[in-house]
Structure formats: C-alpha cells, structure tokens
Amino acid sequence: MRAARVAWMFFRLGALNELQYRANFFVAAFQSMLSVGVAIVVLKLIYSHTAELNGWSEAELLCVMGIQILLGGVIHAAIQPNMERLVEEVRDGKLDHALTKPEDSQVLVSVRDVRIWRAVEVISGAAVLGVGVARLDTEIGLGDAASFGGLLLVGAVLLYCFWLILATGVFWIVHMWFLADLFEGVYQTGRFPIGIYPSWLRYSLTYLIPIGFAITVPAEAVTSRLGWTTPVGMLAFAVALFAFTRWFWFFGLRRYSGASA
Amino acid sequence: MSTVEPLARQNPLRAMADFYLTTIRTQLQTQFQYRAATYMYLIGMVAEPVIYLVVWTTIAEQNGGSVQGISTGQFAAYYIVWTLVRNMNIVFTPYGWEWRIRDGELSAALLRPLHPIHYDIAQFAGGKVIWVALYLPIAAGLTLVFDPVFTATALEVVVFLIAIWGAYLIRTMLLWLLGMVTFWTTRGSAIFETYIMAELLLSGRLVPLELMPGWAQTLSDYLPFQWAFYFPIQTLVGDLSAGELVGGLGMQALWTAVGAFLVWVCFRASVKKYTAVGN
Amino acid sequence: MVEVTELAKVFRVPEREAGLRASMRALVRRRHRDVRAVDGISFEIGLGEVVGFLGPNGAGKTTTLKMLSGLLYATSGEARVLGFVPSRRERDYLRQMTLVMGNRNQLQWDLPALDSFELNRAIYRLGPEDFRRLRDELIELLDVGDLVRKPVRNLSLGERMKVEIVGSLVHRPVVLFLDEPTIGLDVTMQKRIRSFIGEYNRRYEATVLLTSHYMADVEALCKRVIVIHHGRILFDGPLARLGEQFAAYKTIEVAVADGAADLGRYGDVIERDGDRVKLRVPKADTSRVAALLLNEQEVIDLTIEDPPVEDVIELVFAEAAEPR
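In this text the structure is predicted, and so the values were computed from the model without any measurement. (Residues numbered from 1 in each chain as written. Chains lettered and ligands numbered in written order. Predicted model: local features only at pLDDT ≥ 70, side-chain atom pairs only at ≥ 80, totals over all residues. Heavy atoms only, no water.)

(A) Quick peek at the overall build of chain A. From N to C terminus, chain A includes eleven helices and zero strands. Written out in order from the N terminus, the α and β elements of chain A read α-α-α-α-α-α-α-α-α-α-α. Its C-alpha atoms give chain A a radius of gyration of 19 Å, near enough to 18 Å, the size a compact globule of 261 residues would have. On the principal axes, the C-alpha backbone points of chain A span a range of 60 × 40 × 35 Å. Within chain A, contacts between residues at least 6 apart in sequence are counted, and of these 80% link residues at least 24 apart. Of the roughly 12100 Å² of accessible surface on chain A, 65% is carried by carbon and sulfur atoms. Positive and negative side-chain charges of chain A, numbering 19 and 19 respectively, have mean locations separated by a distance of 7 Å. (Helix = DSSP H or I, 4+ residues; strand = E, 2+ residues; numbered from the N terminus. Rg over C-alpha atoms; globule rule 2.2 N^0.38 Å. Contact = heavy atoms within 4.5 Å. Areas by Shrake-Rupley, 256 points an atom, 1.4 Å probe, with all protein chains shown as cover. Lys, Arg positive; Asp, Glu negative; His and termini not counted. Charge placed at Lys NZ, Arg CZ, Asp CG, Glu CD.)

(B) Spotlight on the interface of chain B and chain C. Taken together, the contact pairs 40 residues of chain B with 40 residues of chain C. Together, the buried faces of chain B and chain C total about 3600 Å²; carbon and sulfur atoms form 55% of this surface. Across the contact surface, chain B and chain C share two salt bridges. Where Asp 115 of chain C meets Arg 25 of chain B, a salt bridge forms, and the shortest distance between an N and an O atom there is 3.7 Å. Along the contact surface separating chain B from chain C lie nine residue pairs in polar contact (both at pLDDT 80 or more). Contributions of two or more residues to the side of chain B that touches chain C are made by α1 (12–33), α5 (105–110) and α11 (242–277) of chain B. Ranked by residues supplied to the side of chain B that touches chain C, first place goes to α1 of chain B with eleven residues. (Buried area = accessible area lost by both parts, 1.4 Å probe. Salt bridge = Lys/Arg side-chain N within 4 Å of Asp/Glu carboxyl O. Polar contact = N/O pair within 3.5 Å; in protein donor to acceptor, adjacent residues only side chain to side chain.)

(C) Spatial organisation of the sheet that holds strand β2 (residues 31–45) of chain C. All names here are of chain C. Strand order in the open sheet formed by three strands is β2-β1-β4, with antiparallel pairing between adjacent strands. Either end of the sheet is taken by a strand with one partner, and the two such strands are β2 and β4 (76–81). Across this sheet, the average inter-strand angle for adjacent strands is 30°, counted without regard to direction. Pairing between strand β1 (residues 2–15) and β4: five bridges, direction antiparallel. (Pairing = 2+ DSSP bridges. Axes fitted to C-alpha atoms, helices over the stretch in contact; angles between N-to-C directions.)

(D) Fine view of the nonpolar core. Counting residues in hydrophobic clusters, the biggest one holds 198 residues, and the most contacted among them are Trp 56 of chain B together with Phe 177 of chain C. Ala 113, Val 170, Tyr 204 and Cys 222 of chain C belong to the second largest nonpolar core, which has 57 residues in total. (Core = buried A, V, L, I, M, F, W, Y, C linked by side-chain atoms within 4.5 Å. Buried < 20%, exposed > 50% of the residue type's maximum accessible area, 1.4 Å probe, protein only.)

(E) A look at the confidence of the model for chain B. Residues and elements named next belong to chain B. Overall, the prediction assigns chain B a mean pLDDT of 90, with 98% of residues at 70 or greater. Model confidence for chain B, summarised as mean pLDDT per element, is weakest for strand β1 (residues 66–67) at 84 and strongest for helix α7 (residues 154–180) at 95. Across the interface, the model reports ipTM at 0.83; the global pTM reads 0.84. (pLDDT = per-residue confidence, 0-100.)

(F) The arrangement of the layout of surface pockets in detail. All names here are of chain A. One number sums up the size of the second largest pocket: a volume of about 700 Å³. Along its surface, the second largest pocket is lined by 23 residues, and Ala 7, Ala 78, Ser 110, Val 111 and Tyr 160 are the ones closest to its centre. Mapped onto the lining of the second largest pocket, the elements with two or more residues apiece are α1 (2–19), α3 (58–92), α5 (105–111), α7 (142–168) and α11 (229–255). If one sorts the elements of the lining of the second largest pocket by residue count, α1 sits on top with five residues. A per-class count over the lining of the second largest pocket returns 17 nonpolar, three polar and three charged. (1 Å grid on protein atoms, 1.4 Å probe; cavity = no way out; pocket = protein on both sides within 12 Å on 5 of 7 lines; lining within 4 Å. Points joined across faces, edges and corners; volume = space filled by probe spheres on them. Nonpolar A, V, L, I, M, F, W, Y, C, P; charged D, E, K, R; others polar.)

(G) Quick look at the interface of chain A and chain B. Each partner contributes to the interface: chain A provides 32 residues, whereas chain B provides 34 residues. When the two sides are added together, the surface that chain A and chain B hide from each other amounts to roughly 2800 Å², 79% of it contributed by carbon and sulfur. In terms of surface lost to chain B, no three residues of chain A exceed Leu 45, His 49 and Trp 177 of chain A, which account for 21% of the buried area on that side. Summed over the shared surface of chain A and chain B, the result is zero salt bridges. At the junction of chain A with chain B, the criterion picks out five residue pairs in polar contact (both at pLDDT 80 or more). Looking at the side of chain A that touches chain B, the elements that each hand over two or more residues are α2 (22–47), α8 (179–187) and α9 (199–208) of chain A. A total of twelve residues in the side of chain A that touches chain B trace back to one element, the largest contributor, which is α2 of chain A. Looking at the side of chain A that touches chain B, its residues break down into 20 nonpolar, ten polar and two charged.

(H) Representation of the packing of α3 of chain A against helix α10 (residues 211–222) of chain A within the structure. All names here are of chain A. At a minimum axis distance of 9 Å, the contact between α3 and α10 shows a crossing angle of 135°. Classed by the angle they form, the pair α3 and α10 counts as oblique. Regarding α3 and α10, the two cross each other, and that crossing is right-handed. Touching Cys 63, Val 64, Ile 67, Gln 68 and Leu 71 of α3 are Ala 214, Ile 215, Pro 218, Ala 219 and Val 222, all from α10. (Parallel < 35°, antiparallel > 145°, perpendicular 65-115°, else oblique. Left-handed = near helix turned anticlockwise from the far one by under 90°.)

(I) Quick look at the confidence of the model for chain A. The pLDDT averaged across chain A works out to 85; a share of 96% of its residues lies at or above 70. Between the elements of chain A, mean pLDDT differs from a low of 75, seen in α1 of chain A, to a high of 92, seen in helix α6 (residues 120–134) of chain A.

(J) Examining the environment of Val 225 of chain C more closely. All names here are of chain C. Residue placement: Val 225 occurs in strand β8 (residues 224–229). Between the C-alpha atoms of Val 225 and Arg 241, which are 16 residues apart in sequence, the distance is 9.6 Å. What Val 225 contacts, discounting residues up to four positions off in sequence, is Gly 52, Leu 54, Val 218, Phe 235, Asp 236, Gly 237 and Leu 239.

Written as structure tokens, this is what we have:
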C-alpha cells in the first residue's frame, strides 16, 4: 500500500534525524519516568482510602493507566506533532508546499513529522501495563489478548481521527493555540475507567472524544470484562469516524486559501 | 550642547501606575477578542479538577459519604474553588522563554528602561479579569452538577480576594525563576517537569493537603507551593481562624518577597550570560 | 556622543563537519573556532552627525550596533555613548537611545499602534502633553495618521515598518542606531523613511548611526561613512573622499559615429549600449585617453565621471577580501 510506504519513509527519516540527538532521549525517558512516578503516587493515594474504585481493583486501574500512557506516547510521538504542524502551516499560509506534492494530502500531513524520543512513553506505558497484568487476579486468555491488541490499534485510529478533525477546524478558525492544552486536559480523563464519570461526561467521552473507546475498552479486554458487542460497536464506529474524517479533511481543504497577509 | 528643549518627565510611581493600567486595559481588549479560543482552553483546564472531583467523590460515596472527614459536598467545594484559584495562578510558561529569546522579544525588552517582569505581571493580570468572567458560567454549571457545600464569612471572602492575587504573584516569581533556566541549558524541560510534579503533589493541587501522607504535609510547609493553591482555596472552603487567615496572607507576602529577590539576582546573572553572546 | 576605542568582539563557534561519524564524534568532543566579528575598531561620532556604516554581510556592522546599544558586551576595548557604558544598560541611557532592526516587531500585534505608543509613554516616563505633541509630530512627518488606528496585524509590511519606526522614536531618543531600516521595502517607502530620518535628525539634533546595503540610503543621509570589513575599519571619512581614496580609476562614457569601432585599446570596456561605450581608465591616464579618443575617433559625445560608489565599495571589499 502506497500510504504505508510513504509513512514508513517519513518515519525512518524522522527517526534517523532525531536519533542524532541522544540527549533528547534521556530527557524524554526522565520525563516519562517522572510522570509514571506521579501516576503511581496518585494510585497509591487512592487505594489507601479504598479497596476498589467503581469496581476496579488497583491492579486493574494500573492496566488502565498503562494503556493511557502507552497511547499517549503514540499521540505525542506520531500524531500530535503532525497536527500541530498542520495548524501552524495553515496559519502561515505554508501548507501549499505539502499540497503540491504528488502524494495523498491526508497521508502526507499525517505522517511527515515524528518525535521518536517520545516513543519512550510507549515503553513506560507498556511496562506499567505489564505490571498491572501480572498482578491481576484473573488470567488473560488468548482471545482477550488478541482482542486487546486489535482494540488498541482501533483506539489509536480513533484518537488520530479526533485530532485530525480538530486540526481541520483551523481552515475556519485560525486561532487554534489552545489545541494541545485542550487535548491534554481532556485526555487525562482517560486515566480512569470512564464508568466513574457522570453519564453526561461519559457519553461525550465516548462519542465526542473517543477516549472512552480508545482506553477503557482495551482495558476491559485485558481485565476480562468484555463481551463481543462493545468491540464490534467500536470497530463500526471507527470505520464510520475514519470515513467522516477523510471527507471532512477534503472538505476543509477545498475551503483553504493561502492565509498569508 | 543641544539646543532642543528637554521633554517633561513624569514621577516614577505615577509612570509605573500608568504602565500597569495601560497594559491591563489593552490586554482586556485583546483577550476579549480571543474569548472563543480562551473558552476552549478553559475547558481543557477544567478537565483536571473535574477528574479529581469525580474520583474522590466516588471514593467518598463508597466509604459512606466522606474520606478522612471530607464529605462529597466539601470535595465539590474544594475543587470548584480550585478552578477559580487555578485561573488566577496561571502565568507565563517557562517554555515560553525559548521563543522569547529566539524571536528577539527579549532583546527588545532589554532595550527598554523597565524590568520585563512588569510587563508579564501587568499583561496576565489584565487577562485574568476576562478569564474569571468567562469562567463564572462554567463554575455555575459545575455547582449545579456537583452540589458543593461550604460557608464563607465576610472576612473569609475579603481574604480570599487578596489571597488569589498573592497566589498569582508567588507563581509569577516561581515560574520566572524556572524560565531563567533556559539561559543556562537547552534541557530545561526536564527541570520544568520536575517542578510541575513537585507542585502537583505538594501544593494541594492534586488533593486537599490533609489527604497526603504526613511527611508530604511537613515538607510542603517549608515550600512555597501550598501558598499558591491550598491556602487561597482554604480561606473560602475551610474553617480558618482570623489569625490563620491573616497569617496566611503574611506567608504569601513573605514567599513573594523571597521569590522576587531570587528573580532579581537570577535575571541579572542570566542577562549577563545572554549579552555575552547575544541573539 | 559616541566614543569607540579598540572595540573587539570574539565569538567561539563550534566546528562541525558533515556526516554521521563526525556528528557522533562531536557529541563527545566539541571543537571550537574563534571568530573575530569585530577586530579592534575606533571612531568618534559627534552630536547631530549622521554616519553610515557600510560593509558586506558578516562584516561586523550589526555586532557593533549591538555592542553600542548594550545588547552585547565587548570582548575587549571600550565604548561610550552619551558618556554611558552601554553594556551596563543604565535606565538613563536606555531612555535616550533606540535601536531599530529591520525585521523585528516591537508593537503589540492585535492592537492599534496608538495603544503601543501609550505603553511606551509610560515605560519612558514621559509627561502626557509633551508626549502627545511629539507623537503627533512624528505621525505627521511619516504620514501614518490613518495607519495608527488599525490593528498592527492588518498592516502591510511597509506600513508596519513605518509605524514601528514611529514607535521606536516616540520617546525622542537623541541617539539612533538603525540596522538596515529600509530592508525589504519598495522604493517609495525607502525614500519616505530616508527623508523622515533626515528630518528627525534636523529637528531634534539626534545622532544617527545607520547600517545599510543600499547605497541610496547612505548617499541620501550620510555625509560621513565608515567602511567595515572582517571586523576592521577600512575607511572613515566624508563620502566624497571614498572615491578619491579607493577608486584609482575614472569612467569615460563616449559615443562615436562608428558604432562598431573597437575601443578596447583605450581602456577596459565595461559597457556597450548601441553606440555608447563606457570605458574604465586609470585615473592618471584620464586626460591622455580622452585626448586620444577625441583625436583618433569621430566623437559625438564624451563624459568623464567618477565611478559609482557601489563599484568603489565593491573594489574596497575585493581588496580586503582575504581573511586574516
């Protein structure tokens, strides 16, 4: 598939570029350890006052956190840099450079930037998840593990779609400086299984902002809470959202006119 | 010698007041223009306390209505006031210093006969007015949903109104100090993140300090963080005596003075380093 | 007003070669090179003078201006402006000077320039009436009356530049450091700004130190020129004498009846336009060559000129081209 090849090419280039800066890796590793440390402190604090949170044990919550950090790493490394660059280029009228290349524009603006050293967060998240899984009372069957992997992927796609839809908004509203803050803030809700939030918040987290789907559902797979209706629904929603995202992107692009002075 | 008449000068105090008023006024105009974007930012910001609130009220409900003596209504009050205090203590980000240096904004500021911190203080102060105004409907919504419980006397309200500005000044000094790090290393983000984590745990930002383990509470008594979060919130939500209220303001003043002194020293050193190489 | 003695600025620059292996090595052991951006310059500028600072890119002009405005401190030597040592950045000094750099924005982006001027009034502690009178004078001089009420972001590049200049002069500095003030502007705007600077200098007896690439800026404003290259001063004196000292030649423009004639033996042919030919001849030979032309050719028109200043400057730089 051409898109995959283009993505791999940019990834390699970006990675090689970034790998030259060894220090960035250490800084990223340090920061990741720091935030994992704080997350653990919070967890300990919570579980010093209660045995389970909305039906989730400490080990299970560790799994949720692990997934949130892992997906966060994917977002910070691969998705967010591209979306921020897109917003910046539209504001400065420089998007034309990307548009005149003979590649699918959506693919290009989505894969050309990568902050490889933030992939450290993926490793931390996986580690936290691993510890959580090890401490679980229930065993994970092969089916659960497979659906976990698949759901994680679907979750990443959902988050990507969400980011791209937000970023496409820049074709109408030029001032999107709040994007990263807004996303980070709302993404923190994914630290906990969305069941604890009041229903109005829960529904927005699931549909408006696919965080519920992206994080809690894979966590449910790992903790053996999942039936088959939710994964199927999630997959269907992802397909629909991806189609909409792609349509919306091209719709916005048509509206685009070099926004320079 | 010059034959041109010298210009009349204003007295320094009057000029400083003029500067602050003009900056605040112009900032009000600018921030008002960006109210839609500011709303989006506020929503992202409000997510944090709402998460904490939901988690702790869930725990409280499971524990029969309270955690360590704090009821669900009191948690709601804590975190809703938290958000107002948070609005007030957001200041110039230490990450911003890198752009300032690169864009030449710092050089421009160094050419003017005024310490750049005044501009930051005045500018953000102007913004606060709009932010708080935009936040009030959100606060009303949160109040309806989460049912906070607290009583506030007149004295507490007055002290609160002063304390939020104290929180603003303390954090201005602290984050300026952090920003100075940019002059000395390119890996400043590691230091910024360490600060944010320490502040999160020791300031009352994450949870009311009573819920933190004893050693953390003792530690935070020696640090400035709680005076920018916990104290202002407690003036309204907690049951502090008149002595504690006024004493708290005194501590805020003390930490602001300490911070200001450190900023003065560090900025001089940082500018010296900067002007060795320039931009 | 401005006294500079043996001023020097040396930068340590890391050396890096291309290639992956070299960058790996560089992570472990950094190598440095000393760049003498300013290499011991001395000059003095008096009250009300307008001095042009000429030099190619990297000559040390901007570095010198930064040292004189306090943004950079010198490696060695001394500089004093208005009696102050610039690097101390004393308030009293900053209130009397200004540095204008071509592409920098100092005004608030989202607000009308008038608001930024008000801010400056407070920063420079100016009394309101005096300030307003001066501000209005400057606005009128540069004809930006209708521009100052619009948000700065809505102005074009040239308009923004004009308004920025007013903003940097609104505290009526007596020493102006202008770094490429007309760069990137169209010809009309350049002329506008030139005449404005000239007028400001006349009205307020301001001392102006101006760097530029454009000879037109220098010719319009500066009676005195300092030529700098590789951090050293090559020439300091009246513009008129620049040609005398460095140009060892003159140009003869001649129109002959026989358009195809080869005039190469009279001197270097630098231009040919129909039947008009421009010859470069050594200064000493000028009258001899002119006489020869008049005798041997059927001359319709003959003009003897000093070479254009740009050419002289080019030669000056070419001569000093070897870095030391």
